[in-house]
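Take a look at the letters that make up each chain.
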Amino acid sequence: MSQHTGRPVSEVHVPAPGGGRLWAERGGSGSPVVLLHGSGMDSRLWDAVLPELARHHDVIRYDARGLGRSDEPERPFDDVADLRAVLDHFGLASAALVGLSMGGETALDFALAHPDRVTALALVGASVSGHDWPQDPGTTAYAEARRRGDAAGLAELELSVWAAMGRTAPGGELIAAMVEENAARRIVSEQYLTGAPGRPAEPRLGEVAVPTLVVHGDRDHPEIAAIAQRLAADIPGARGHLVPAADHYLPLRTPDRLTDLLLAHLPA
């Protein structure tokens, strides 16, 4: 985290359910907010958003199981239980959740499983459990790279499909570093990832009872746009925003615009 007022930055390792540790960082002051990154990434996704956010909120970010600085799993796990462990470790009865892609899916699943522990949702380029993804050459190639354990191939696909604006666009070098450094670990961790109890979320969107912001970039994958439209339409009171000049890695492509949207949405 960069300079901000309030709580000094602290890095901790949170005990993960079933063994291992999750790397987490906390700083800032105000109402609590937890940032959740997507698959094949780590919490560096939030580097450009976090400094301003932490001037107004008590912000926690952590690396999902097997990614970034968190331990690789050795047995089945689910991301909802891991998020609960993070909240419990920091003594938070409830928090706002901001999640991108897989992180948005986890945030939504958590809100349905533990509605009393979520004050607001911000779903950024989010996936949703239960969504039927269309088969296309990209998804087929993804599955094949995972099956072969081809980390380099998986990273190349991730960058071409999801970071379509390339390395020269804002955040490009960090995006490439995250994807390439996490590719091999992603293959391992995804083999152990299980669905959380209560899934799928897609047919249950009408049950979400907290203020919800849905954001996606105009250069993101077409299916993410379709999911965003569904989320905004089916979650009661949800507000949708399309951000220009952003692909799937929106927090690094257009951090100022996303920060403004988050600060306007999150509880004071």
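Structural data are supplied above this passage.
Residues numbered from 1 in each chain as written. Predicted model: local features only at pLDDT ≥ 70, side-chain atom pairs only at ≥ 80, totals over all residues. Heavy atoms only, no water.

*Asks:* Tell me about the environment of Trp46, and name the residues and values.
*Replies:* Within the fold, Trp46 resides in the loop between strand S3 (31-36) and helix H1 (50-53). Overall, the relative accessible area of 0% leaves Trp46 in the buried class. Sequence separation between Trp46 and Glu190 is 144 residues; the distance between their C-alpha atoms is 22 Å. Filtering out sequence-adjacent residues up to four positions away, Trp46 remains in contact with Leu35, Leu36, His37, Arg61, Val98, Leu100, Pro251 and Leu258. (Helix = DSSP H or I, 4+ residues; strand = E, 2+ residues; numbered from the N terminus. Buried < 20%, exposed > 50% of the residue type's maximum accessible area, 1.4 Å probe, protein only. Contact = heavy atoms within 4.5 Å.)

*Asks:* Describe the packing of aromatic side chains, listing the residues and the values that go with them.
*Replies:* Here the structure, examined in full by the defined rule, presents 1 aromatic pair. The interplanar angle of 70° and the centroid separation of 6.2 Å between the aromatic rings of Trp133 and Trp162 together place this pair among those described as edge-to-face. One end of the pair, Trp133, is in the loop between strand S6 (118-124) and helix H4 (137-148); the other, Trp162, is in helix H5 (residues 151-162), with 29 residues separating them in the sequence. A residue is classified by how much of its surface remains accessible, and Trp162, at 13% relative accessible area, is buried. For the cation-ring pair, Arg69 lies above Trp23, with the distance from its terminal atom to the ring centre recorded as 3.6 Å. (Phe/Tyr/Trp six-rings, centres within 6.5 Å; stacked < 30°, edge-to-face > 60°. Lys NZ or Arg CZ within 6 Å of the ring centre and 35° of its normal.)

*Asks:* I'd like to hear about empty space enclosed by the protein, residue by residue, with values.
*Replies:* This model, assessed by the stated rule, comprises 3 cavities of 30 Å³ or more. Approximately 90 Å³ is the volume attributed to the largest cavity. Around the largest cavity, the lining residues are Leu36, His37, Tyr62, Ala64, Arg65, Asp79, Asp82, Leu83, Met102, Gly103 and Thr106. Going through the elements one at a time, helix H2 (79-89) and helix H3 (102-113) are the ones with two or more residues in the lining of the largest cavity. Here the residues of the lining of the largest cavity are counted per class, giving 5 nonpolar, 3 polar and 3 charged. If you add up the space inside the second largest cavity, you get close to 70 Å³. (1 Å grid on protein atoms, 1.4 Å probe; cavity = no way out; pocket = protein on both sides within 12 Å on 5 of 7 lines; lining within 4 Å. Points joined across faces, edges and corners; volume = space filled by probe spheres on them. Nonpolar A, V, L, I, M, F, W, Y, C, P; charged D, E, K, R; others polar.)

*Asks:* Could you give an account of H3, with specific residues and numbers?
*Replies:* Relative to the 16 Å expected for 12 residues at 1.5 Å per residue, H3 spans 16 Å between its end C-alpha atoms, a close match to the ideal helical length. Counted residue by residue, H3 has 11 buried out of 12 residues, so it is predominantly covered. For H3, the full list of buried residues reads Met102, Gly103, Gly104, Glu105, Thr106, Ala107, Leu108, Asp109, Phe110, Ala111 and Leu112. Residues of H3 that are buried make contact with S3, H2, strand S5 (95-100), S6 and helix H7 (222-234). (Expected span 1.5 Å × (residues − 1).)

*Asks:* Give me the layout of surface pockets: which residues, what numbers.
*Replies:* A water-sized probe, rolled over the atoms, reveals where empty space remains. The volume enclosed by the largest pocket comes to roughly 770 Å³. Residue assignment for the lining of the largest pocket shows that the elements contributing at least two residues are H3, H4, H5 and helix H6 (172-192). No other element matches H4, which puts 5 residues into the lining of the largest pocket. The class makeup of the residues in the lining of the largest pocket is 10 nonpolar, 13 polar and 8 charged.

*Asks:* An account of the pattern of salt bridges is needed here, citing residue identities and associated values.
*Replies:* Summed over all chains, the structure comprises 22 salt bridges. A salt bridge links Asp88 to Arg117; the nearest nitrogen and oxygen atoms lie 2.8 Å apart. Of this pair, Asp88 sits in helix H2 while Arg117 sits in the loop between H3 and S6; the two residues are 29 residues apart in sequence, bridging distant segments of the chain. The buried category is assigned to Arg117, whose relative accessible area is 10%. Connected via shared salt-bridge partners are Glu144, Arg147, Arg148 and Asp150. (Salt bridge = Lys/Arg side-chain N within 4 Å of Asp/Glu carboxyl O.)

So far we have only geometry, and geometry alone does not tell us how the molecule works.
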